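Survey of secondary and tertiary structure
Here is what each chain is made of, one letter per residue.
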Amino acid sequence: MKYEDRIVRDAKICGGEPVFRGTRVILRTVLASLATGDSLEDILADFPALKPEDVQAAIAFAAASAEEDLPVPATPHIR
């Protein structure tokens, strides 16, 4: 699954914050819920418009963002 299929960013929806397609649920809110230890079931109960695939997409988005933003340490030269 590609997160781009489930997460959209539109300046006319929630001020351009990334949201889940067809909802006004902000990606950052779901990531914050995951970070505080909420379970998949808790998140889906709090946001009934979401599906389990949306939560997976949020995790994939965060992983891709971290990959782009985190500096990669230099590999030491070994002789």
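That block above? That's the structure.
First, a word on what this report is: a plain description of the structure on this page.

Reading the values: rules and limits
- Throughout, a residue's number is its position along its own chain's written sequence, starting from 1.
- For a predicted model such as this one, the threshold for reporting local features is a pLDDT of at least 70, and the threshold for listing and counting side-chain atom pairs is 80 or more; totals across whole chains, interfaces and linings nevertheless cover every residue.
- Side-chain numbers come from the whole structure's heavy atoms, not from hydrogens or water.
- Within this document, salt bridges are pairs made up of a side-chain nitrogen of Lys or Arg and a carboxyl oxygen of Asp or Glu, the two lying within 4 Å of each other.
- Helix and strand definitions here come from DSSP, where helices need a minimum of 4 consecutive H or I residues and strands a minimum of 2 consecutive E residues; each element is numbered from the N-terminal end.
- To sort residues, take the accessible area from a 1.4 Å probe on protein chains only and compare it with the maximum for the residue type: under 20% means buried, over 50% means exposed, and anything in between is partly exposed.

Okay, the pattern of salt bridges next. Taken as a whole and assessed by the stated rule, the structure comprises two salt bridges. When the shortest N-O distance is used, the salt bridge between Arg6 and Asp54 registers 2.7 Å. One end of the pair, Arg6, is in the segment before strand S1 (7-8); the other, Asp54, is in helix H3 (residues 52-69), with 48 residues separating them in the sequence. Residue Glu17 is joined to Arg28 by a salt bridge in which the shortest nitrogen-to-oxygen separation is 3.0 Å. With Glu17 in the loop between S1 and strand S2 (19-20) and Arg28 in helix H1 (residues 27-35), this residue pair connects regions lying eleven residues apart in the sequence. What makes Arg28 exposed here is its relative accessible area of 52%.

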